[in-house]
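# Observations on chain architecture
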Amino acid sequence: MTTTTTIVTQGRRIRRRVTWGAVFGWICLGIAIAISILPFYWVLRTSLSMNSALAANSSSLLPVEFNLGAFARVFGLQSTEEALAQGGSGAEINFWQYLLNSTIFATLTTAGAVFFSSMAAYAFARLRWKHRDLVFGLFLATVLVPPIFTALPNFLLIKNLGLLGTMFGMILPYIFMTPFAIFFMRQFFLNMSREVEEAAMIDGASQWRIFMQVVLPNAAAPLATLALLTFMGQWNEYFWPLLVSDESTRVLTVGLGTFKSQSPQGAPDWSGLMAATLVSAVPVLILFAVFGKRIVNSIGFSGLK
Amino acid sequence: MSRMKKIAAGTVAVLSVAALGGCAGGDDPNTIDYWLWDANQLPGYRQCAADFNAANPDLTVKVTQLGWDDYWGKLTNGMVAENAPDVFTNHLSKYPDYLRFEQLVPLDDTEVDFDRYADGLADLWVGQDGQRYGVPKDWDTIALFYNRDMLSDAGISEDEMAELTWNAEDGGTLEDVIAHLTIDSAGVRGDEEGFDKNDVEVYGMGLANSGSGMGQAEWSWFTGTTGWTHTNENPWGDHYNYDDERFQSAIAWWAGLIDKGYVPRLETTVGASMPDNFGAGKAAINSHGSWMIGQYASYDGIDLGIAPTPIGPEGERASMFNGLADSIWVGTDNLEGSKKWVEYLGSPACQDVIGDQGVVFPAILSSAERAVAAYEERGLDVSAFTEHVTDGTTFLFPITANAAQIDGIMKPAMDSILTGQADVGSLTDANTQVNRLFEDAGEDAADD
């Protein structure tokens, strides 16, 4: 007990000695935090403002004519007439449908990509076959191809398959793998100790069983990281869903376009746009809150290996 | 092994559900899909759709609204994917391309009375083959939106605003007004001694963009007063006139306003909204189209005035006359129903409903008067827009082939003039490039 107290008091003394440096550090940190939080605050402030009053009070730090009309527009609780009266876009947004579509799209592509990519990664890391590293090199090289290059061929393929406007057509290009995911998992598998797998092999387990019952459970942490990263990426995906989706399969990112300018050279419904942005970011924020620790753990975990 | 099967079966099940779910939006031929981009008009067209359904119980109209930016992409995409709407709101700058790809249904055999609409509106929608591809729905002209408080502070009367003059040499009384309304951060006006053009607080006139090759709301309202026209004939001209001295000197005057500090720099307009800047009190006058009346009227704390565009060297005002129309897509699954709907959209019954909403001027002039009355009820005098039509000072939106390529040439050309990187003389080169498009097209046609 006594020892601990001494250490604490000593610690306090040390802190007091560097007060000025610490104060400076805290100020710097505070400024950095303020700078990174300010845009989010601005989103919140704009979303709580009356759109018609925004232009005249563009530098106001507090919401202008505080009201929740923008959020009502997002959830489709406001009639077109009301929205227009508030300077809103008046356009209809089928928020819950878009939210559901976004969730299905991001979840299915994430589940598919993570599962199939880890299978491929396992093959690249553990199975021995001819030209394995060459194929892996080629695979990795596709990271260099900008996604916009594949958009048109993919679009034509999906069109010819008659899948335009369907959720299936939207997830198809993402469901099997991304080169990054394969690379990420392969590096992890390479660092895993072989002994456990070899033990399983001696016990007569097949490759599939080793993969499913030994390798995957051991890779839970990097899988979670990968899933989270993929999910966030897919949640924010814009261009492909814009090309392929129709009204019934439209996702949130595309749906947010509703709040952009409705006529040429018009002004966007800023408060509606910001409210919708905020609401659509919530699921990802929740994921972070729940799984954030997991990411940190997984980094620590891979660091230890 | 059973586990693997379970997973495989699960995956397949999930994928098929997803696929089926996506297909659920089945097409009912008795439902006419109708698209428009302006949310302000949604209530009016909903009403039209309901009235139409009451008269034709077997037909339902589904009105879909998409913002301008997404509208054209989704529409073209839909034509490729063969799920475009049966009927859609069409724009003059886009329809030549749809004609070229044979995406529109000729409307000559409908029961639409094409003589019913404001002069010239129906002619805009006659293709090069002489057939009609659009039923006029509304029109727009250009006027000057101004901030009443700023004008009274500057001692400029409404009467002065109503009789502005313009010429390319000294800018006429328009430039005097713009200069006087410009104020730097020290409170010095643009026409006073010591004005700092690099530190302007309020610009005399706002800037949306360089106007590319059309300049509808940006510059066509003053270039049009010189007797200059975009093309050799309209519609379907095959020669552009950007090399004309009258056009070039008018643009030189305009670009000069930026140099004098009366108009914001082009760079500052990127990602910004000209109406929002007006709403924020950063500009005193904005030239804009009648489709923007609602937007300008929506800003709190702005006492809005609307003045006609200035009288030019030839003694008249000028405004581009643009008209939207409804077109039928060739892939419609109910041609007869679509025609009925288009006929109804073009009828006084529907256009009166739209007029009463007071958001646009319907193509039938008696319906447009209802719109004027509806604006008046909201305290807005929109005569600056309608005068162009009653006085006959409009010229039609230039329709030619190759609209997208022309835009690709003229936007950078006009941008570099406004940013001071090029002289107006460079427009002659741009014009040569533009006109080459038509020569090439002619050769291609000959090859075919």
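Residues numbered from 1 in each chain as written. Chains lettered and ligands numbered in written order. Predicted model: local features only at pLDDT ≥ 70, side-chain atom pairs only at ≥ 80, totals over all residues.

### Some points on the interface of chain B and chain A
Note the cut-off: For the purpose of contact definition, each residue receives a C-beta atom placed from its backbone, and two residues are in contact when these atoms lie within 7 Å. Only runs of H or I of at least four residues qualify as helices and only runs of E of at least two qualify as strands under DSSP, and these elements are numbered from the N terminus. Asp, Glu, Lys and Arg are counted as charged, while Ala, Val, Leu, Ile, Met, Phe, Trp, Tyr, Cys and Pro are counted as nonpolar; the rest, among them Gly, fall into the polar class.
Contacts between the two partners involve 43 residues from chain B, matched on the other side by 40 residues from chain A. Those elements giving two or more residues to the side of chain B that touches chain A turn out to be helix 1 (2-23), helix 2 (42-55), strand 2 (60-65), helix 3 (68-81) and helix 10 (274-279) of chain B. Counting residues per element, the side of chain B that touches chain A draws most heavily on helix 1 of chain B, at nine residues. Its residues assigned to classes, the side of chain B that touches chain A shows 22 nonpolar, 15 polar and six charged.

### Digging into the pairing of strand 5 (residues 142-147) of chain B
All names here are of chain B. To keep it simple, the criterion reads: Burial is judged by counting the other C-beta atoms within 10 Å of a residue's own C-beta: 20 or more makes it buried, 12 or fewer makes it exposed, and any count in between marks it as partly exposed, with every C-beta position built from the backbone. In this scheme, strands are said to pair when DSSP sees at least two bridges between them.
Strand 5 sits mainly inside the fold: six of its six residues count as buried. Judged from the five bridges that link them, strand 5 and strand 8 (residues 283-289) form a sheet pairing that is antiparallel. Residue pairing for strand 8: F145 is matched across the bridge by N286. Sheet topology places strand 5 next to strand 9 (residues 304-307); four bridges connect them, and they run antiparallel.

### Some points on the domain arrangement of chain B
All names here are of chain B. Put simply, the rule is: Bear in mind that the domain bounds are from an automatic or database domain assignment.
Along its sequence, chain B is carved into domain 1 (28-140 + 323-387) and domain 2 (142-321 + 398-444). Look at where the C-alpha atoms of domain 1 and domain 2 centre, and you get two points 29 Å apart. Where the side of domain 1 that touches domain 2 is concerned, the elements lending two or more residues are helix 4 (95-100), strand 4 (135-140) and helix 15 (383-390). A breakdown of the residues in the side of domain 1 that touches domain 2 according to their chemical character gives 13 nonpolar, five polar and seven charged.

### Digging into the environment of E376(B)
All names here are of chain B. For E376, the location among the structural elements is in helix 14 (residues 365-377). For E376, a count of 13 C-beta atoms within 10 Å translates into the label partly exposed. For the pair E376 and P348, spaced 28 residues apart in sequence, the C-alpha separation works out to 21 Å.

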